[in-house]
Amino acid sequence: MMSAETVLEVANLCVGVGAQGEGASLVRDVSFSMRRGEIVGVVGESGCGKSMTALAIADLLPVGVTSSADRLSFEGVDLTTADRRTALRTRGLNQAVVFQDPQASLNPALKLGTQMTEAVMHHQRLPRASALRRAAENLSEVKIAGAEQRLREYPYQLSGGMRQRAMIAMGLMMSPSLLIADEPTTALDVTVQADVMRMLRRLNAEHETAILLVSHHIALLQQVCSRILVMYAGELVEDLPSVSLVKDARHPYTRALIASVPSLAHDPSRRLVTIPGTLPDPGARGDGCPFRNRCNEADERCDIAPPLTRAGDHRVACWRAEENAHA
């Protein structure tokens, strides 16, 4: 049962190709929850299922991809059993999504003000003048100067960093309780990335907005998230507090991700650490641990998929988890 502080509860979320998910399985049995005001990161290689998980929660999966779950509860409403109208209104009023490519997400033929005010004018029946005032306030809050003028401009007139900030400001127009940010800094340079992360943390602190932050950049997530979900081949393999990431990661994949992060202290005469091999094909993963063919710790136990087991505030799916906890 959800507590008053629980914003999102996901139980055994699956995503597959086809009307009934009868094709390739893209996400399998992912379960987690989020509290109000919490920032949770989802990390993994490209193709691991992290974006599909986020899109399934927001009901924004592409055509031909479907999802199912034992429970997908948001703000106390189980969206798996709610009627379509209730589910749409619950998500529309309380969820927002920021995509990784703002240039593709913004309509190039419409001015920024028109796009930012559409949701509040529709859902909250806010007059256009009031909606524009709120939009200008939100642009100012994300440190875009000359907000009123920017609302009269087209997306192409904004820089990449400004477009991403505008997307975040747009997502906050409805004062959502959950913001899903899918790779929000991918197309930005390092300086702007840092600015966007600082802004997300500030907005989270000031508005108590829960943020589900999807990224392949594990070091970046460690800086801003309270908890990190590690996904591999469509499965959740580790869930741990970010403060435990470096010293107490127990899944070999999580450890490999951490080891592969470049460091300024790295000896240039030595090769950078990489993870050998590639992700398994979604249609041919078998029944064992999905990481076993790339893992230097694999043994005969790994021919059977390990369950995701809990130890305190830490969950991990590895037969060697207890051994790695003391390594």
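Refer to the structure printed above.
Quick caveat, the model's predicted, so the values are computed rather than measured.

Help me understand the pattern of salt bridges in this model?
If the charged atoms of two oppositely charged side chains come close together, the side chains can form a pair. Taken as a whole and judged by the stated rule, the model has 17 salt bridges. Overlapping salt bridges bring together Arg-35, Glu-38, Arg-227, Asp-239 and Arg-315 as one network.

Can you walk me through the sheet that holds strand β7 (residues 95–98) in this structure?
To summarise the sheet geometry, strands pair through backbone hydrogen bonds and adopt either a parallel or an antiparallel arrangement. One open sheet holds the eight strands; their spatial order is β7-β8-β9-β3-β10-β11-β13-β12, and the pairing between them is mixed. For this open sheet the edge positions go to β7 and β12 (309–311), each flanked by a neighbour on one side alone. The sheet shows a mean angle of 20° between the axes of neighbouring strands, taken without regard to direction. Here four bridges tie β7 to strand β8 (residues 178–182), and the two strands are oriented parallel to one another. Note on β8: the bridge partner recorded for Val-98 is Ala-181. Along the sheet, helix α8 (residues 190–207) makes contact with β3 (39–43), β8 and β9 (210–215), crossing β9 at roughly 160°.

Sorry if this is basic, but what is going on with the packing of helix α7 (residues 160–171) against α8 here?
Each pair of packed helices gets described by two things: the angle between the helix axes and the distance between those axes. Two elements in contact, α7 and α8, have axes separated by 11 Å at closest approach and are oriented at 15°. Considering the angle they form, α7 stands roughly parallel to α8. Seen along the crossing, α7 lies across α8 with a hand that is right-handed. Residues Gly-161, Arg-165 and Ile-168 of α7 lie in contact with α8, whose contacting residues are Val-192, Asp-195, Val-196, Met-199, Leu-200 and Leu-203.

Could you clarify how one ought to interpret the packing of aromatic side chains in this entry?
Each aromatic ring pair is characterised by the separation of its centres together with the angle its planes make. In the structure shown here, the tally under the stated rule is four aromatic pairs. One aromatic cluster in this structure is built from Tyr-232, Tyr-253 and Phe-291.

Which parts of the structure should I look at to understand the nonpolar core?
One recurring pattern in soluble globular proteins is that nonpolar side chains are buried together. In terms of nonpolar packing, the biggest core is built from 57 residues, with Met-116, Leu-139, Ile-168, Leu-200, Leu-213, Val-230 and Tyr-253 touching the most fellow members. For this core, the element with the most residues is α8, which contributes six residues. Not counting residues within four places of it along the chain, the set of residues in contact with Tyr-253 comprises Gly-44, Glu-45, Val-230, Met-231, Tyr-232, Val-237, Ile-275 and Phe-291. Of all hydrophobic cores here, the second largest spans 33 residues; its members include Val-15, Ile-57, Leu-61 and Phe-74.

Just checking my understanding: could you explain the side chain of Arg-227 for this structure?
Within the element layout of this structure, Arg-227 appears in strand β10 (residues 227–232). Among the polar contacts listed, one links the side chain of Arg-227 to the backbone oxygen of Ser-33, at a separation of 2.5 Å. Only 3.2 Å separates the side chain of Arg-227 from the side chain of Asp-239, close enough to count as a polar contact. Other than its neighbours up to four places away in sequence, Arg-227 contacts Ser-33, Met-34, Glu-38, Ile-39, Val-40, Gly-41, Asp-239, Leu-240, Pro-241 and Ser-242.

I tried to follow helix α1 (residues 50–57) on my own but got confused; where do I start?
Counting buried positions over the eight residues of α1 gives six, a clear majority of the element. Every buried residue belonging to α1 is among Lys-50, Thr-53, Ala-54, Leu-55, Ala-56 and Ile-57, and all of these are buried. At the exit of α1 stands Asp-59, carrying a positive phi of roughly 60°.

I tried to follow the side chain of Ser-73 on my own but got confused; where do I start?
Its location among the elements puts Ser-73 in strand β5 (residues 71–74). A polar contact of 3.2 Å, which involves the side chain of Ser-73, links it to the side chain of Arg-71.

When you look at the packing of helix α4 (residues 112–123) against helix α5 (residues 128–141) in this model, what are you seeing that I'm missing?
Following both chains from N to C, one finds α4 and α5 inclined at 115°, their axes separated by 9 Å at the closest point. The angle between the axes of α4 and α5 places the two elements in the roughly perpendicular class. You can see that α4 and α5 cross each other, and the crossing is right-handed. Across the interface between the two elements, Leu-112, Gly-113, Thr-114, Met-116, Thr-117, Val-120 and Met-121 of α4 pack against Arg-128, Ala-131, Leu-132, Arg-134, Ala-135, Asn-138 and Leu-139 of α5. Residue composition of the contact of α4 with α5, grouped by class: eight nonpolar, four polar and two charged.

Calculation rules
- All residue numbers here refer to positions counted from 1 along the written sequence of the relevant chain.
- Note on the predicted model: pLDDT of at least 70 is required for a residue's local features to be given, and 80 or more for side-chain atom pairs to be given and counted; whole-chain, interface and lining totals, by contrast, use all residues.
- Side-chain figures throughout are based on the complete set of non-hydrogen atoms in the structure, without hydrogens or water.
- Salt bridge, as used here: a side-chain nitrogen of Lys or Arg that lies within 4 Å of a carboxyl oxygen of Asp or Glu.
- Any two strands are treated as partners once DSSP identifies two or more bridges connecting them.
- Labels follow the DSSP assignment, with helices taken as runs of H or I lasting at least four residues and strands as runs of E lasting at least two, numbered in each case from the N terminus.
- Where helices are involved, their axes are fitted lines through C-alpha atoms of the stretch in contact, as for all axes, and angles between N-to-C directions lie from 0 to 180°.
- Note on definitions: a residue-residue contact is assigned when non-hydrogen atoms from the two residues lie within 4.5 Å.
- Here the word oblique covers every angle except those under 35 degrees (roughly parallel), over 145 (roughly antiparallel) and from 65 to 115 (roughly perpendicular).
- Crossings are sorted by hand: turned counterclockwise from the far helix by less than a right angle, the near helix makes the crossing left-handed, and turned clockwise it makes it right-handed.
- Side-chain rings of Phe, Tyr and Trp, where Trp is taken by its six-membered ring, are said to pair if the distance between their centres is within 6.5 Å; with planes under 30 degrees apart they count as stacked, over 60 as edge-to-face, and otherwise as tilted.
- In this text, buried Ala, Val, Leu, Ile, Met, Phe, Trp, Tyr and Cys residues form a nonpolar core when linked through side-chain atoms within 4.5 Å.
- Only protein chains enter the accessibility calculation, which uses a 1.4 Å probe; a residue whose area is less than 20% of its type maximum is buried, one above 50% is exposed, and one in between is partly exposed.
- The definition of a polar contact used here is a pair of N or O atoms within 3.5 Å, where within protein one atom must be able to donate a hydrogen and the other to accept one, and adjacent residues in sequence count solely through side-chain atom pairs.
- For this classification, the nonpolar set comprises Ala, Val, Leu, Ile, Met, Phe, Trp, Tyr, Cys and Pro, the charged set comprises Asp, Glu, Lys and Arg, and every other residue, Gly included, is treated as polar.

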